[in-house]
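As a plain string of letters, each chain reads:
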Amino acid sequence: MTKFGGKTFEGKWWQPDRLGDVFAGTLRLEEDYSGTLTIKGSESMLAVFMRPDSRTLFGQMDDHYRYDVTLFRTGLIRGPSSGSPRDSDRETEVQFFTNTILVGDHIASEEERAVSAAWVHITGLGEWCDTSGFSGRMEKPGSPFGSERVDLSYHGSSSDFYPIGSGRALRLVSHYRGPMFFNAPKKVAMSEQDLIELRFDDDLSITQLIHEIGIWQSFMTFALRRPSYIDEVRVTLDRADDLGFGCSLLVPGRRTEAAIKNRRVGEVLFTKSVLGDRIGSCVEAWRRKYDDVEMPVMLFTGTAYQSDAFLHSQLLTCLQALEVLHRDLFEGSRFPDKNTRKETIKALRWAIPGTLDPGLRDEISQQLGFIGDLTLLDRLKVFLNLYSQSLRPLFPAGDLDMALLKDVRNFLTHYGRGKGLDKEFLESRKLLILAEKAKLFVEVCFLGLLGLGDQEIVHIMSRFEPYVGCRMTSHR
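Residues numbered from 1 in each chain as written. Predicted model: local features only at pLDDT ≥ 70, side-chain atom pairs only at ≥ 80, totals over all residues. Heavy atoms only, no water.

Trainee: Is there a simple way to explain the overall build of the protein chain in this structure?
Mentor: The secondary structure content of the protein chain amounts to 15 helices and 16 strands. Across its three principal axes, the protein chain shows a C-alpha extent of roughly 90 × 75 × 45 Å. Counting over 476 residues, the protein chain shows a buried share of 44%. Carbon and sulfur atoms provide 52% of the accessible area of the protein chain, an area that totals close to 25,000 Å². Taken together, the 60 basic and 66 acidic charged side chains of the protein chain have centroids lying 5 Å from each other. (Helix = DSSP H or I, 4+ residues; strand = E, 2+ residues; numbered from the N terminus. Buried < 20%, exposed > 50% of the residue type's maximum accessible area, 1.4 Å probe, protein only. Areas by Shrake-Rupley, 256 points an atom, 1.4 Å probe, with all protein chains shown as cover. Lys, Arg positive; Asp, Glu negative; His and termini not counted. Charge placed at Lys NZ, Arg CZ, Asp CG, Glu CD.)

Trainee: Would you take a moment to explain the side chain of Thr56 for this structure?
Mentor: With respect to the secondary-structure elements, Thr56 resides in strand E4 (residues 55-62). Residue classification places Thr56 among the buried positions, given a relative accessible area of 15%. A distance of 3.3 Å separates a polar side-chain atom of Thr56 from the backbone oxygen of Ala108. Excluding residues that lie within four positions of it along the chain, Thr56 makes contacts with Gln15, Pro16, Thr70, Leu71, Phe72, Arg73, Ile107, Ala108 and Ser109. (Polar contact = N/O pair within 3.5 Å; in protein donor to acceptor, adjacent residues only side chain to side chain. Contact = heavy atoms within 4.5 Å.)

Trainee: Would you explain the pairing of strand E8 (residues 115-122) in this entry?
Mentor: As a general feature of sheets, a regular strand has side chains that alternate between the two faces. With seven of eight residues buried, E8 lies mostly within the body of the structure. Direction of pairing for E8 relative to strand E14 (residues 191-204): antiparallel, over a ladder of five bridges. Bridging from a neighbouring strand, Trp119 pairs with Glu197 of E14. (Pairing = 2+ DSSP bridges.)

Trainee: What is the right way to look at the pattern of salt bridges in this model?
Mentor: Pairing between side chains of opposite charge can happen when their charged atoms approach one another. For the structure shown, the criterion picks out 20 salt bridges. A salt bridge links Glu127 to Arg226, with the nearest nitrogen and oxygen atoms 2.2 Å apart. Of this pair, Glu127 sits in helix H2 (residues 125-128) while Arg226 is found in the loop between helix H3 (206-224) and strand E15 (230-237), placing the two residues 99 residues apart along the sequence. We classify Arg226 as buried; its relative accessible area is 11%. Lys406 is the partner of Asp407 in a salt bridge, and the nearest nitrogen-oxygen pair spans 3.0 Å. Here the residues in one salt-bridge network are Arg168, Glu212, Arg287 and Asp291, joined through shared partners. (Salt bridge = Lys/Arg side-chain N within 4 Å of Asp/Glu carboxyl O.)

Trainee: Hey, could you run me through the environment of Ala169 in this one?
Mentor: Among the structural elements, Ala169 can be located in strand E13 (residues 168-177). Looking at Ala169, the relative accessible area reads 16%, which means it is buried. Residue contacts for Ala169: discarding those within four places in its chain leaves Phe161, Tyr162, Pro163, Ile164, Glu197, Leu198 and Arg199.

Trainee: Mind showing me how you'd approach a nonpolar patch on the surface here?
Mentor: Side chains of Leu329, Phe330, Val382 and Leu386 sit close together on the surface and give an oily, nonpolar patch of about 310 Å² of accessible area. Secondary-structure elements contributing two or more residues to the nonpolar patch are helix H7 (311-330) and helix H10 (376-386). Inspection of the secondary structure puts Leu386 in helix H10. (Patch = residues over 30% accessible without salt bridge, like charges linked within 9 Å, V, L, I, M, F, W, Y side chains within 5 Å.)

Trainee: What's the story with the side chain of Arg225 in this structure? I'm lost.
Mentor: Along the chain, Arg225 falls in the loop between H3 and E15. Arg225 sits in the buried class, given a relative accessible area of 18%. Among the polar contacts listed, one links the side chain of Arg225 to the side chain of Glu443, at a separation of 2.7 Å.

Trainee: Can you walk me through the nonpolar core in this structure?
Mentor: In globular proteins that are soluble, nonpolar side chains generally tend to be buried together. Counting residues in hydrophobic clusters, the biggest one holds 93 residues, and the most contacted among them are Trp128, Trp216, Phe219, Phe270, Trp286 and Phe441. For this core, the leading source of residues is helix H13 (residues 429-449), giving 12 residues. Beyond its immediate stretch of four places on either side in the chain, Trp286 contacts Ile215, Trp216, Ser218, Phe219, Phe222, Val297, Phe446, Leu449 and Leu450. (Core = buried A, V, L, I, M, F, W, Y, C linked by side-chain atoms within 4.5 Å.)

Trainee: Looking at this structure, how should I read unusual backbone geometry?
Mentor: For residues other than glycine, phi is negative in most cases, and the peptide bonds are mostly trans. Despite not being glycine, Ala184 shows a phi value in the positive range, around 60°. With respect to the helices and strands, the residue Ala184 is situated in the loop between E13 and E14. Non-glycine residue Arg225 carries a positive phi angle of around 60°.

Trainee: When you look at the packing of H13 against helix H14 (residues 454-461) in this model, what are you seeing that I'm missing?
Mentor: Where H13 contacts H14, the axes come no closer than 10 Å and their chain directions differ by 130°. When the interaxial angle is binned, H13 and H14 end up oblique. In this structure, H13 meets H14 at a crossing whose hand is right-handed. Of the residues in H14, those touching H13 at Leu440, Val444, Leu447 and Gly448 are Ile457, Ile460 and Met461. (Axes fitted to C-alpha atoms, helices over the stretch in contact; angles between N-to-C directions. Parallel < 35°, antiparallel > 145°, perpendicular 65-115°, else oblique. Left-handed = near helix turned anticlockwise from the far one by under 90°.)

Trainee: Please explain the pairing of E4 as it appears in this structure.
Mentor: When you tally the buried positions in E4, you get six out of eight residues, the bulk of the element. Note that strand E1 (residues 7-15) and E4 share five bridges and pair antiparallel. Counted as the bridge partner of Trp13 is Gly59 from E4. Sheet topology note: the E4/strand E5 (residues 66-78) ladder contains seven bridges and is antiparallel. Following the sheet pairing, Phe58 is matched in E5 by Thr70.

Structure representation (structure tokens):
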């Protein structure tokens, strides 16, 4: 892919609804693809940009080639200025900030359904795809120098397309990156890049595509226990005659993560080879359930992007994710049906004495709306029984441990007293252990989202070093 970050491009720019008003301008892109567009001209010419609302801008920018460019949702930073007295010919400038950028074509809006396929590279994908197409052998006959021979070969690969619902499909592609030919260099750099290829029977908009990519970033973050960022996106538009992936989508934001050195295999929850033949069913299950459980997934994976947050905040987030996950999957109420619940709450609210302060009456009425709902403790017990083989080694006291997690959640929410929890808990080893076990609790439940049974989850977790360590560590 052409490197656009960290460069300045000269070009021509115009608004989609004003094709006759073309302006010369400079687009400056930072390494993270955040950018600024500066257009210069006379006061009278730039008056068309006086509106403060965001807008799409079309352009043609020059590098080694000329590229059609679409800047979505640009926003006005400054200008156009006007002097006093007014002079329509006075030179001035206007500057915009940029958001998502499409290089290679013009699309009127991020909401226009125009994307039929995409190649996506996200960070961590190369680690998760833990096989390689490279093989080689060095022969060293006789003399230790001057007679060495290295035979190197590479075979790219791609998986089958896995249906992921709603006319969408995904496959994993591994391809070669390096020189196409070389002769007598002192040094040769070659690598294998892993990509996710997405196909859509019904075209997606840019907004929908970015959301779809986010789903697989969450999957990668969950699998690797580290944040995943968008590195490269190439798309095919519906007007293209073939799947050439000729357009680049530049999404502003962090492109790399902090270096993680010396990661052992046991520190990764699961990889492509761990799923093996189940990979198709697992990615289909993740995508099918994601829209229903998006909030708990966002809560949990968000902790990976905030690794420097206080442990008690991470623990609280994990417990919140478990509560929301159960609610999204099972709902749950002690009432036999919705009508009985409605009539009961109505009767209780009718019984509130009218002599009470109106503010107190409203508060009681609102709290009655939660009557019969399952508590966090109820929900934790459901998961404990559902994945007993996986979770009981972490929480050998069973229901008592679930009650402890509930008490910890209440303490961290309200910082009240009692239940043996106080400010010393916030600096204790007990907090450290419970935070790690709560994280593992969520990961077990998320493996269940992939369609894995309890015994299959145990098989994966038994090779996961944090799990093995926590099984042998008491939190009491």
